[in-house]
Amino acid sequence: MSKHPKHSWRISLLAGLMAALMLLAGCSQSGSSSVPASASASGSGSESAPAGEVTTVRWITAGTPQTGMDAVLEEVNKLLAERYNLELQLEIYDYGSYDEKMNMIISSGEEFDVCFTTQSWLNKYQSNVARGAFLPLDDLIDENAPGLREVLPEFLFEQARVDGSIYAIPNYQICYDSFGFMMRKDLVEKYDFDWENVKTVEDMYPFWDAIRDNEPDLYPVGDLSIQAFEDDFVAMCMIQDYYTVAGSGASSFYIKKGDDSYTVDWFPDVVREYRAKFGELYDKGYIRSDIITMQDDSADITAGKYASRLGIIKPGGEAEQKQLAGGYDYVQVALTEPFVNALSSRAAMNAVSSSSKNPEAAIRMIDVMNSDKDVFNMLNYGIEGVNYTMENGFVKEIPDSGYFFNSGWALGNQFNAYLVEGQQEGVWEETMEINNNAEVSPISGFSFNEEAVSTEMAQMSSVTSEYKFIGVYDDFETRFEEFRTKMEQAGVEDYKAEVQNQLNAWLEANGKK
């Protein structure tokens, strides 16, 4: 499938003859004409849209590329054209290359419509908002996709706001963080590891020792993306005693739990301790030796070469991991209690590009992915009978069929997904219950606007990139002091002061201070 956007035309109703000529010109190219369809994407999805021109929406996301995607998109687009006068041009890039790909696309001004974005993992949300990469969506939602407010809870929209405006639609899924480890079940059983009683990172050592000493073709522990591993490990450690306020990765800012003064800091001494701990895991041989130079380990993840991985523990996570990692069965254990951070809903979102020529169609396509179960599940699992079968109400993948994306959390409303073989009945209800009962940050809804310190943020990002995986170097202490000095030179204290000022204003406006 082509990775270049199809051309589209806006047709003025006041210029009929010119519109006809333009339509003919458009049909002679590879693109499609784009008279906005009148059908809303919300609702049951069972009614056909009035006849009209079909608008193509170029949607770029992260995940495992699918060799059989063209055949699935052909069927998906039949539904989209019939119901909404829409066509989906989907592009999937693996997790390891997605950031670089999106940065190139956005920086060049290349036209596209929708992309996957997150707060701190991939294609970072606030950085893109600050550079004008995403469109504000409030009016687009109200005028073209009001049904989104009917199918998604209001707190999702509130947490997506930056300086008062919504720039992306959060995907309704697990809204809490609960870090822990997933382990290959066959290896747990082989080495008789008591995984159910794991409470700390140190409790994992016997398992990792066994893998290191006896499984030369495997790595004891990894992450969903090798590039995020150290930052995720630090986040797991920090979440137990600190609330995240702003920033991401090594440029994160926190307030300490129980601190009624809400004093903001980046706590470099605490972070140093946890990055040193990550280095200990490396020194023990638990982490792959080429982590510094490895840019993309998706092939190793798919092959199941990690005996365990760090991640967010959630109901049904074992089934997702099985599909992602070689078809092996997994067990999982949480090390932290469920916790809803100030911006937890930003873990997976979809934004409309400021380069889009059809933002109305783009927001309607996002609406479809949150409301039309037929379209959502076909895009998630493929074609029934070709890519999967339904057995006793559960999806069972047909091996080597060429398509089984199974990452609904990246597309839209995860709670619309069919259950997969291995998931328990009621998993979505259980997830919603945890969402509703998890500990909530006292500053939930606070969103830092980094426009005033965008220069400092850019300089800090450059420093954090230079000192990536700092914990694994032999001269860690020296390097960390260099890192601290360069962060100060980059303006970390000015950035912190601006976060504090905005947080104080928010606390006062919300009666919390």
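Everything below is about the structure shown above.
Now for a description of the structure that goes with this document. (Residues numbered from 1 in each chain as written. Predicted model: local features only at pLDDT ≥ 70, side-chain atom pairs only at ≥ 80, totals over all residues. Heavy atoms only, no water.)

Along the protein, the regular secondary structure elements total 19 helices and 16 strands. Taken over the C-alpha trace, the protein has a radius of gyration of 23 Å; the compact-globule value for 513 residues is 24 Å, and the two agree within 12%. Along the first, second and third principal axes, the C-alpha atoms of the protein reach 70 × 55 × 40 Å. Residues classed as buried in the protein amount to 55% of the 513 residues present. Contacts in the protein between residues far apart in sequence, at least 24 positions, make up 76% of those at least 6 positions apart. With the model as given, the accessible surface of the protein reaches about 21400 Å², and the carbon-plus-sulfur share is 48%. (Helix = DSSP H or I, 4+ residues; strand = E, 2+ residues; numbered from the N terminus. Rg over C-alpha atoms; globule rule 2.2 N^0.38 Å. Buried < 20%, exposed > 50% of the residue type's maximum accessible area, 1.4 Å probe, protein only. Contact = heavy atoms within 4.5 Å. Areas by Shrake-Rupley, 256 points an atom, 1.4 Å probe, with all protein chains shown as cover.)

Our focus in this paragraph is the pairing of strand E10 (residues 308-312). Across the five residues that make up E10, a large majority, four, are buried. Sheet analysis places strand E7 (residues 179-184) next to E10, joined by five bridges and oriented antiparallel. Bridge assignment links Met183 to a residue of E10, and that residue is Ser308. (Pairing = 2+ DSSP bridges.)

Within the secondary structure layout, Phe476 lies in helix H18 (residues 476-490). Expressed as a C-alpha distance, the spacing of Phe476 and Arg275, which sit 201 residues apart in the sequence, is 9.0 Å. Apart from residues no more than four positions distant in its own chain, Phe476 is found in contact with Arg272, Arg275, Ala276, Ile470 and Gly471.

Enumeration over the complete set of coordinates arrives at 29 aromatic pairs. On the basis of an interplanar angle of 25 degrees and a centroid distance of 6.4 Å, the ring pair of Tyr125 and Phe134 is categorised as stacked. What links up through ring pairs into an aromatic cluster is the set Tyr95, Tyr98, Phe116, Trp121 and Trp409. Lying across the ring of Tyr328, Arg184 places its NZ or CZ 3.6 Å from the centre. One residue, Lys257, lies across the ring of Phe339, its end atom 4.9 Å from the ring centre. (Phe/Tyr/Trp six-rings, centres within 6.5 Å; stacked < 30°, edge-to-face > 60°. Lys NZ or Arg CZ within 6 Å of the ring centre and 35° of its normal.)

So, about the pairing of strand E14 (residues 388-391). With four bridges connecting them, E14 and strand E15 (residues 394-397) associate as antiparallel partners. Bridge pairing in E15 places Met390 opposite Val395. As consecutive antiparallel partners, E14 and E15 are separated by two residues, and within that stretch Asn392 has a phi angle of approximately 55 degrees, a positive value.

This next bit is on the packing of helix H17 (residues 454-466) against H18. How two helices pack is summed up by the angle between their axes together with the distance between the axes. Where H17 contacts H18, the axes come no closer than 8 Å and their chain directions differ by 165 degrees. It follows that H17 is roughly antiparallel to H18 by the angle criterion. Between H17 and H18 lies a crossing whose hand is right-handed. Across the interface between the two elements, Glu456, Gln459, Met460, Val463, Thr464 and Glu466 from H17 touch Phe483, Lys486, Met487 and Ala490 from H18. Its residues placed into classes, the contact of H17 with H18 shows five nonpolar, two polar and three charged. (Axes fitted to C-alpha atoms, helices over the stretch in contact; angles between N-to-C directions. Parallel < 35°, antiparallel > 145°, perpendicular 65-115°, else oblique. Left-handed = near helix turned anticlockwise from the far one by under 90°. Nonpolar A, V, L, I, M, F, W, Y, C, P; charged D, E, K, R; others polar.)

The next thing to look at is helix H13 (residues 317-324). Residues three or four positions apart in an α-helix share a direction because the helix packs 3.6 residues into each turn. Of all eight residues in H13, six are buried; the element is thus mostly enclosed. Buried within H13 are the following residues: Gly317, Ala319, Glu320, Gln321, Gln323 and Leu324. In this structure, the buried side of H13 is in contact with E7, helix H12 (298-302), E10, strand E11 (330-334) and E15. Two residues or fewer past H13, Gly326 is found with a positive phi of approximately 75 degrees.

As a further point, take the sheet that holds E10. Sheet strands pair via backbone hydrogen bonds, and the direction of the pair is either parallel or antiparallel. If you walk across this open sheet you meet the three strands as E10-E7-E11, and the pairing is antiparallel. A single partner strand is all that each edge strand has here, and the edge strands are E10 and E11. Looking at each pair of strands side by side, their axes are set apart by 25 degrees on average, direction ignored. Across five bridges, E7 lies against E11 in antiparallel orientation. Bridged to Phe181 within E11 is Val333.

Below, the discussion takes up the pattern of salt bridges. The final tally for this structure, using the stated rule, is 32 salt bridges. We note a salt bridge from Glu111 to Lys357, for which the minimum N-O separation is 3.9 Å. Here Lys357 lies in the loop between strand E13 (349-352) and helix H14 (359-371) and Glu111 lies in the loop between helix H3 (95-108) and strand E3 (114-117), a separation of 246 residues in the sequence. We note a salt bridge from Glu439 to Lys257, for which the minimum N-O separation is 3.8 Å. Of this pair, Glu439 sits in strand E16 (residues 439-440) while Lys257 sits in the loop between strand E9 (253-256) and helix H11 (268-283), and the two are 182 residues apart along the sequence. For Glu439, a relative accessible area of 35% puts it in the partly exposed group. Each of Asp269, Arg272, Glu477, Glu481 and Arg484 takes part in salt bridges that share partners, so that together they form one network. (Salt bridge = Lys/Arg side-chain N within 4 Å of Asp/Glu carboxyl O.)

On to the sheet that holds E13. Taken in spatial order, the five strands of this open sheet run E2-E1-E3-E13-E6, and their pairing is mixed. Each having just a single partner strand, strand E2 (86-93) and strand E6 (169-170) make up the two edges of the open sheet.

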